[in-house]
Amino acid sequence: MTTDSRTTDEAARKAGVEVKPVAGYIGAEISGVDLAAGLDDAVVAAIRAAVLRWKVVFFRGQRLDHAAHVAFARRFGETVVLPRRGKASPPDFPEIETTADRLELGGRFGMEHDEWLRRRRHTLLRGWHCDHGARVDPPAATILRAETVPPYGGDTTWSNLAAAYAGLSAPLRQFVDGLRAEHRLGVGYQPRPGDDAYVRHLLDRQVATLHPLVRVHPESGERILYVNGYYVEQIAGLSRPESGAILEMLLEQAVRPEYTVRFRWEPGSVAFWDNRATMHLAPGDTAHLDHPRIMHRVMLAGDVPVGVDGTASQPVTGTEPGRW
Ligand SMILES: O=C(O)CCC(=O)C(=O)O
Ligand SMILES: [Fe+2]
């Protein structure tokens, strides 16, 4: 499978679906498909090719319920079953995670969201992340659907990390190709009464992995600037100030506006992104609004990343492939 646009177009033509790019480097809207119906293999192949080519694809006006959402995801790979989940997750659907109103990430870790973000070392990248990036095998993809959206606000933004890598100068690409960085979750957070089971699970386990700073995409072969605004902590072998300055620069590069796409949700919208080749930014503009925002997601299991020299990511603590 390649990211060649001819391959993508060919697959779409065969399947009778329309793939319409919506930004120069990332994002395409797919129409002419009902995700709740049983999809034939050609449609699945067309969607898969579009996700690889455009990194995130959008569907509108879908009528997925939890069961159909999971069934759709399973056409593309193994779904992730979280062993202990937040109280927001629907009963009987261990693969579905629900976020209501806003991402309470800070609150989840025992402090207010702003304080949580302030503690991050990298100031530029407030909130940009790929999902579960501190794991040794982060999910390959996330499929997010909107149930209830505010009348304004609540947009999500994605960035293309292959384009960000390609946009670096040659000497800098060569420099980062050989580096690895530690990604961490749960460090320094204090538990507090009322934490749900999922939070306690995260707090129980410090999760950290040494990932290549440039990973080779397992399907497309593209080089990906593998930084993460939530999780990346330190470039191995560099001093703390060197690492901090270089990470700030790379994180800024990773989310340059031209590499991004922003999506306006409607009820029934679905976004399907390649979590190996993108970061995304959950909206921060709805917390003060009096409008609910209810989203459900399913993730696909992913591989252990591999760097340019063929070296795989190394677990540091609290993570092993396939164990959630
Ligand atoms: O709700 C959103 O817009 C995105 C939330 C998010 O980061 C995720 O589902 O992984
Ligand atoms: Fe996310």
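The coordinates are above.
Residues numbered from 1 in each chain as written. Chains lettered and ligands numbered in written order. Predicted model: local features only at pLDDT ≥ 70, side-chain atom pairs only at ≥ 80, totals over all residues. Heavy atoms only, no water.

> Mind showing me how you'd approach the site of ligand 1 here?
Around ligand 1, eleven residues are found, and the nearest of them are D131, T156, H280, R293 and R297. One of the side-chain nitrogen or oxygen atoms of H129 is found 3.1 Å away from an oxygen atom of ligand 1. In the model, an oxygen atom of ligand 1 is placed 3.1 Å from a nitrogen or oxygen of the H280 side chain. When ligand 1 is considered free in solution it has 290 Å² of accessible area, and contact with the protein chains removes 97% of it. Across the shell around ligand 1, the residue classes tally to five nonpolar, three polar and three charged. (Near = heavy atom within 4 Å. Polar contact = N/O pair within 3.5 Å; in protein donor to acceptor, adjacent residues only side chain to side chain. Areas by Shrake-Rupley, 256 points an atom, 1.4 Å probe, with all protein chains shown as cover. Nonpolar A, V, L, I, M, F, W, Y, C, P; charged D, E, K, R; others polar.)

> Got a minute to help me understand the coordination of the iron ion (ligand 2) in this structure?
Six octahedral donors around a metal ideally sit at 90 or 180 degrees from one another, while four tetrahedral donors ideally sit at 109.5 degrees. Here the iron ion (ligand 2) is held by H129 (NE2), D131 (OD) and H280 (NE2), and the distances to it run 2.1 Å. Sequence positions of the residues that donate to the iron ion (ligand 2) give the spacing H-x1-D-x148-H. Highlighted residues: H129 in strand β5 (residues 128–129) and H280 in strand β15 (residues 278–281), separated in sequence by 151 residues. Residue H129 shares its accessibility class with H280, and that shared class is buried. (Donors = N, O, S within 2.8 Å, 3.2 Å for Na, K, Ca; no water. Helix = DSSP H or I, 4+ residues; strand = E, 2+ residues; numbered from the N terminus. Buried < 20%, exposed > 50% of the residue type's maximum accessible area, 1.4 Å probe, protein only.)

> Would you take a moment to explain the pattern of salt bridges for this structure?
Any two side chains of opposite charge can pair if their charged atoms end up close together. Inspection of the entire model under this criterion finds 19 salt bridges. Of the charged contacts in the structure, one is a salt bridge between R256 and E258, with a shortest N-O distance of 2.4 Å. Here the salt bridges share partners, and the residues they tie into one network are E29, R60 and E266. (Salt bridge = Lys/Arg side-chain N within 4 Å of Asp/Glu carboxyl O.)

> I'm lost on the nonpolar core in this one. Help?
Counting residues in each nonpolar core, the largest one holds 33 residues, and the members touching the most others are V17, I30, L35, I47, F59 and F272. Elements with a minimum of two residues in this core: α1 (5–15), β2 (28–31), α2 (41–54), β3 (56–59), α3 (66–74), β6 (141–148), β14 (270–274) and β16 (294–300). Ranked by residue count, the leading element in this core is α2, at eight residues. Setting aside chain neighbours within four positions, we find L35 in contact with I47, F59, Q62, L64, F72 and V270. Residues Y165, A181, I235 and A277 belong to the second largest nonpolar core, which totals 29 residues. (Core = buried A, V, L, I, M, F, W, Y, C linked by side-chain atoms within 4.5 Å. Contact = heavy atoms within 4.5 Å.)

> I tried to follow unusual backbone geometry on my own but got confused; where do I start?
Unusually for a residue other than glycine, D92 sits at a positive phi of about 75 degrees. Mapped onto the secondary structure, D92 falls in the loop between α3 and β4 (97–100). For H132, which is not a glycine, the phi torsion comes out positive at approximately 50 degrees. Among the structural elements, H132 can be located in the loop between β5 and β6.

> I would appreciate a short explanation of the packing of aromatic side chains in the present structure.
In this description, an aromatic ring pair is defined by two values, namely the gap between the centres and the angle between the planes. On inspection of all chains with the given rule, the structure shows eleven aromatic pairs. Aromatic side chains F59 and F72 sit 6.2 Å apart centroid to centroid with 85 degrees between the ring planes, which places their arrangement in the edge-to-face category. Linking F59 in strand β3 with F72 in helix α3, this pair joins segments that are 13 residues apart in sequence. When its relative accessible area of 0% is taken as the criterion, F59 is described as buried. (Phe/Tyr/Trp six-rings, centres within 6.5 Å; stacked < 30°, edge-to-face > 60°.)

> What is the right way to look at the sheet that holds strand β17 (residues 314–317) in this model?
Two strands in a sheet stick together by hydrogen bonds in their backbones, pointing the same way (parallel) or opposite ways (antiparallel). Taken in spatial order, the four strands make up an open sheet running β12-β8-β9-β17, and their pairing is antiparallel. Sheet topology places β12 (232–235) and β17 at the edges, where each strand pairs with a single neighbour. With strand direction ignored, the average angle separating the axes of adjacent strands in the sheet is 25 degrees. As paired elements, strand β9 (residues 207–212) and β17 share three bridges and run antiparallel to each other. (Pairing = 2+ DSSP bridges. Axes fitted to C-alpha atoms, helices over the stretch in contact; angles between N-to-C directions.)

> Before we go on, may I ask you to explain the environment of R135 in this structure?
As for its position among the elements, R135 is in the loop between β5 and β6. Residue class for R135 comes out buried when judged on its relative accessible area of 6%. Sequence separation between R135 and L185 is 50 residues, and the spatial gap between their C-alpha atoms is 8.6 Å. Contacts of R135, omitting those with residues within four sequence positions, involve V207, T209, H211, T319, E320, G322, R323 and W324.

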